[in-house]
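# Fold and geometry: a report
Chain by chain, the residues:
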Amino acid sequence: MKVLIPSALRSYTQSSQAEASGSTLNEVLVDLDRQYPGIRFRIIDEQQQIRRHIRIFVNGVSVNGLAQTIQPGDDVVIVQALSGG
Amino acid sequence: MTTIALLVSTRKGAWIFRADAMRTTWEVDGPHFLGHIISHLVLDPRDQTTLLAAAKTGHLGPTIFRSTNWGRTWQEAAQPPAFAKAPEGETGRAVDHTFWLTPAHRDEPDVWYAGTSPQGLFRSTDGGVTWSAFSSINEDPQYREWMGSEKDGTPDGPKLHSIIVDPRDPNHLYFGMSGGGVHESLDHGETWRVLITGMEVVEGYDFDASKPTFHDPHCLRICPSNPDRIYQQNHCGIYRIDRPSESWVRIGRNMPEEVGDIGFTMTVHPRDDKTAWVFPMDGTEVWPRTSPDGKPAVYATHDGGETWQRKDAGMPKEQAWWTVKRQAMCCDSHDPLGLYFGTTSGELWMSRDEGRNW
């Protein structure tokens with residue numbers, strides 16, 4: 001499926017969009033990290049929690065954790081909050 | 001010919017300033033990692049080529065970048081410092097940022113140590129490519145109690161810092177924790193012992209000075225010319241210890257009373273163990289993190305802290321409400337040596353004559 005990449009992570013993908021596969025969000029992110037080493041740890045911490053300023057949406061709905069089921073063709077959007085100022 | 005490289009890490013990225021031997025002509029190289037918070041940028045003294053940068057952005061997780069060509073290109077660590085995954089049902093810690101980097105002993109090429117926020121001690125044995133927990137302190141119940149929670153410590157989070165390797169012995173290590181005190185290992189991190197005797201704690205709360213949790217060392221510096229001597233800038237004063245003594249002496253008591261001996265940074269002379277420099281900070285009431293009375297100055301000692309001299313020629317005489325944080329002051333090794341500091345307001349200052357003029 002398609003994964004939309006925020007600008008702060010495009011140093012890894014060189015693109016606003018990436019292709020990744022998996023039946024859960026965790027599997028999708030592991031596949032993304034296989035292609036772009038290091039990207040997963042920037043958005044998921046070592047306790048397997050989505051980092052504080054990161055939100056991930058599947059088909060427009062915010063997900064709470066990595067166990068979220070993903071279907072083929074789902075749209076996954078990684079959003080980096082531009083908080084502060 | 002470049003003979004000096006000044007490594008500058010900031011909340012907006014990193015820069016390398018290069019100068020000739022006279023330090024009159026400077027060239028700027030950067031920004032590297034524009035928009036990243038670079039807590040520490042360190043050259044490997046063993047190969048004089050490898051740089052490590054501890055980085056994160058305000059929104060993404062932490063990582064470490066490595067260059068083997070003086071910053072022309074960078075590679076990200078394959079496995080940055082990270083705590084162990086907590087057992088199911090328990091809350092674990094996550095590294096917010098790597099705060100401190102120290103190259104290991106010259107006999108241990110490619111070995112580096114890292115200190116993180118919240119407090120964690122990590123090591124790489126492959127030049128900074130992969131990192132893992134070093135020693136048992138990250139998960140040790142006693143150390144976790146001394147570290148406190150992630151809400152303790154500085155506004156940017158509690159930190160493990162000032163990792164020091166005795167240049168005579170790779171097994172002899174020190175580190176400091178804000179908070180959590182000073183610790184020493186004589187067996188390459190197998191075991192650690194507390195080294196806080198003589199260090200004072202914040203007055204008025206009945207804190208027990210024998211407990212590391214109440215101690216907040218800000219910066220430890222070992223003297224290259226005499227590794228038995230360590231200077232310390234602490235939340236509660238300036239100290240010196242001369243090993244094998246077990247007790248710190250508060251040499252900051254000799255500072256002018258109106259200036260005090262609070263601050264974050266400390267620098268020691270590479271050839272003279274009696275000479276060191278501090279940058280005092282306003283330690284009254286809410287700790288505004290400014291120069292005392294808005295009048296910045298470096299203070300120098302040339303007698304191991306018995307006396308201190310104000311060094312502010314060239315600095316603003318009033319209304320300069322900035323200060324200098326932990327890693328943001330250093331010196332080169334020329335004679336006379338150059339002193340450098342970076343301010344919380346983003347300025348870079350230097351002295352070509354050991355602090356007499358800025």
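These numbers were taken from a predicted model, which means no experiment stands behind them.

Once that is clear, we can look at the layout of surface pockets. Residue and element names in this part refer to chain B. By volume, the second largest pocket is sized at about 1,000 Å³. Together, 43 residues line the second largest pocket, and Val202, His235, Cys236, Ile262 and Trp287 are the ones closest to its centre. Considered class by class, the residues forming the lining of the second largest pocket number 17 nonpolar, 14 polar and 12 charged.

It is worth spelling out the packing of aromatic side chains at this point. All names here are of chain B. Summed over the entire model, instances satisfying the criterion amount to 16 aromatic pairs over all chains. For the ring pair Phe33 and Phe65, a centre distance of 4.6 Å and an interplane angle of 20° mean the geometry is stacked. Here Phe33, found in the loop between strand 3 (26-32) and strand 4 (37-43), pairs with Phe65, found in strand 6 (residues 63-67); they are 32 residues apart in sequence, far enough to count as distant. What makes Phe33 buried here is its relative accessible area of 16%. A residue is classified by how much of its surface remains accessible, and Phe65, at 11% relative accessible area, is buried. Aromatic pair Tyr143 and Trp146: ring centres 5.0 Å apart, planes at 70°, arrangement edge-to-face. Here Tyr143 and its partner Trp146 are both found in helix 1 (residues 141-147), 3 residues apart, which amounts to about one turn of the helix.

Another aspect to go through is empty space enclosed by the protein. Residue and element names in this part refer to chain B. Per the counting criterion, the structure on display carries 1 cavity of 30 Å³ or more. For the largest cavity, the calculated volume is near 40 Å³. Along its surface, the largest cavity is lined by Val259, Pro280, Pro292, Lys295, Ala297, Tyr299 and Arg310. Grouping the constituent residues of the lining of the largest cavity by class yields 5 nonpolar, no polar and 2 charged.

Backbone hydrogen bonds are what pair the strands of a sheet, in a parallel or an antiparallel way. The 4 strands lie next to each other as 12-13-14-15 (chain B), forming an open sheet whose pairing is antiparallel. At either end of the open sheet lies a strand with only one pairing partner, and these are strand 12 (159-165) and strand 15 (193-194) of chain B.

Residue and element names in this part refer to chain B. Counting buried residues in strand 17 (residues 226-234) gives 7 out of 9 residues, a clear majority hidden from the surface. Pairing of strand 16 (residues 217-223) with strand 17, which is carried by 6 bridges, proceeds in the antiparallel orientation. Bridge pairing in strand 17 links Leu220 to Gln232. Taking the residues between adjacent antiparallel strands as the criterion, strand 16 and strand 17 are bridged by 2 residues.

Rules of the game
- Residues numbered from 1 in each chain as written.
- Chains lettered and ligands numbered in written order.
- Predicted model: local features only at pLDDT ≥ 70, side-chain atom pairs only at ≥ 80, totals over all residues.
- Heavy atoms only, no water.
- 1 Å grid on protein atoms, 1.4 Å probe; cavity = no way out; pocket = protein on both sides within 12 Å on 5 of 7 lines; lining within 4 Å.
- Points joined across faces, edges and corners; volume = space filled by probe spheres on them.
- Nonpolar A, V, L, I, M, F, W, Y, C, P; charged D, E, K, R; others polar.
- Phe/Tyr/Trp six-rings, centres within 6.5 Å; stacked < 30°, edge-to-face > 60°.
- Helix = DSSP H or I, 4+ residues; strand = E, 2+ residues; numbered from the N terminus.
- Buried < 20%, exposed > 50% of the residue type's maximum accessible area, 1.4 Å probe, protein only.
- Pairing = 2+ DSSP bridges.

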